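Residue-level listing of the chains:
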Amino acid sequence: MLRCTAAGLLPLMNSKRYQTVADALFAENSQAFEAIVAHKSYDLLPALPRRMAKALLMPVVSSLAARQQKNGLWRGKDSVKTSYGILSALVHTELLSEANLPY
């Protein structure tokens, strides 16, 4: 379901005009949207409205933090891509503020 229907509607879900439709779609298909996190497709979260992305990401933030390696990346085949997706999702949901990052 997510691959066809919801993924095609992601751009429309950010529109104020379709906000009520987006809320209904998110509520009715919550399991399909939870599959984004279950399949570790964190790079899709910034395409969702902030409140929806935050609702999906909040339950897994502690496990994400626990899996971060000492070099700052998350392990996997494509560690840079995975890390970018996770950090982009955290910034989008305002769970990680760019203003508070030490440089």
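Small disclaimer: the values here were computed from a predicted structure and weren't measured.

**Brief notes about helix 3 (residues 30–38)**
Turning to step 1, where the next piece is worked out: For helix 3, the full list of buried residues reads A32, F33, A35, I36 and V37.
Turning to step 2, where the next piece is worked out: Of the residues flanking the end of helix 3, it is K40, one or two places downstream, whose phi is positive at about 60 degrees.

**Regarding the environment of A47**
Turning to step 1, where the next piece is worked out: Looking at where A47 falls in the secondary structure, it is placed in the loop between helix 3 and helix 4 (50–57).
Turning to step 2, where the next piece is worked out: Sequence spacing of A47 and L10 is 37 residues, and the spatial spacing of their C-alpha atoms is 6.1 Å.
Turning to step 3, where the next piece is worked out: Beyond its immediate stretch of four places on either side in the chain, A47 contacts L10 and N14.

**Here we look at the environment of L45**
Turning to step 1, where the next piece is worked out: Inspection of the secondary structure assignment puts L45 in the loop between helix 3 and helix 4.
Turning to step 2, where the next piece is worked out: For L45, a relative accessible area of 0% corresponds to the buried category.
Turning to step 3, where the next piece is worked out: Spatially, the C-alpha atom of L45 lies 8.3 Å from that of L57, the residues being twelve residues apart in sequence.
Turning to step 4, where the next piece is worked out: With sequence-adjacent residues up to four places away left out, L45 is seen in contact with I36, A53, L56, L57, A89 and H92.

**Points about the nonpolar core**
Note on soluble globular proteins: their nonpolar side chains tend to be buried together.
Turning to step 1, where the next piece is worked out: Counting 21 residues, the largest nonpolar core has M13, F33, L45, L48 and L57 as its most contacted members.
Turning to step 2, where the next piece is worked out: Elements with a contribution of two residues or more to this core: helix 1 (2–13), helix 2 (19–28), helix 3, helix 4 and helix 6 (79–92).
Turning to step 3, where the next piece is worked out: It is helix 4 that provides the largest number of residues to this core, a total of four residues.

**Regarding a nonpolar patch on the surface**
Turning to step 1, where the next piece is worked out: A cluster of nonpolar side chains, L9, L12, Y18 and V21, forms an exposed patch at the surface whose accessible area comes to about 330 Å².
Turning to step 2, where the next piece is worked out: Mapped onto the elements of the fold, V21 is located in helix 2.
Turning to step 3, where the next piece is worked out: Accessibility expressed as a relative area gives 53% for V21, which makes it exposed.

**Here's the deal with the confidence of the model for the protein chain**
Turning to step 1, where the next piece is worked out: On average, residues of the protein chain score 83 in pLDDT, and 87% of them are at 70 or above.
Turning to step 2, where the next piece is worked out: The least confident element of the protein chain is helix 1, whose mean pLDDT is 66; the most confident is helix 4, at 92.

Conventions we followed
- Residues numbered from 1 in each chain as written.
- Predicted model: local features only at pLDDT ≥ 70, side-chain atom pairs only at ≥ 80, totals over all residues.
- Heavy atoms only, no water.
- Buried < 20%, exposed > 50% of the residue type's maximum accessible area, 1.4 Å probe, protein only.
- Helix = DSSP H or I, 4+ residues; strand = E, 2+ residues; numbered from the N terminus.
- Contact = heavy atoms within 4.5 Å.
- Core = buried A, V, L, I, M, F, W, Y, C linked by side-chain atoms within 4.5 Å.
- Patch = residues over 30% accessible without salt bridge, like charges linked within 9 Å, V, L, I, M, F, W, Y side chains within 5 Å.
- Areas by Shrake-Rupley, 256 points an atom, 1.4 Å probe, with all protein chains shown as cover.
- Salt bridge = Lys/Arg side-chain N within 4 Å of Asp/Glu carboxyl O.
- pLDDT = per-residue confidence, 0-100.

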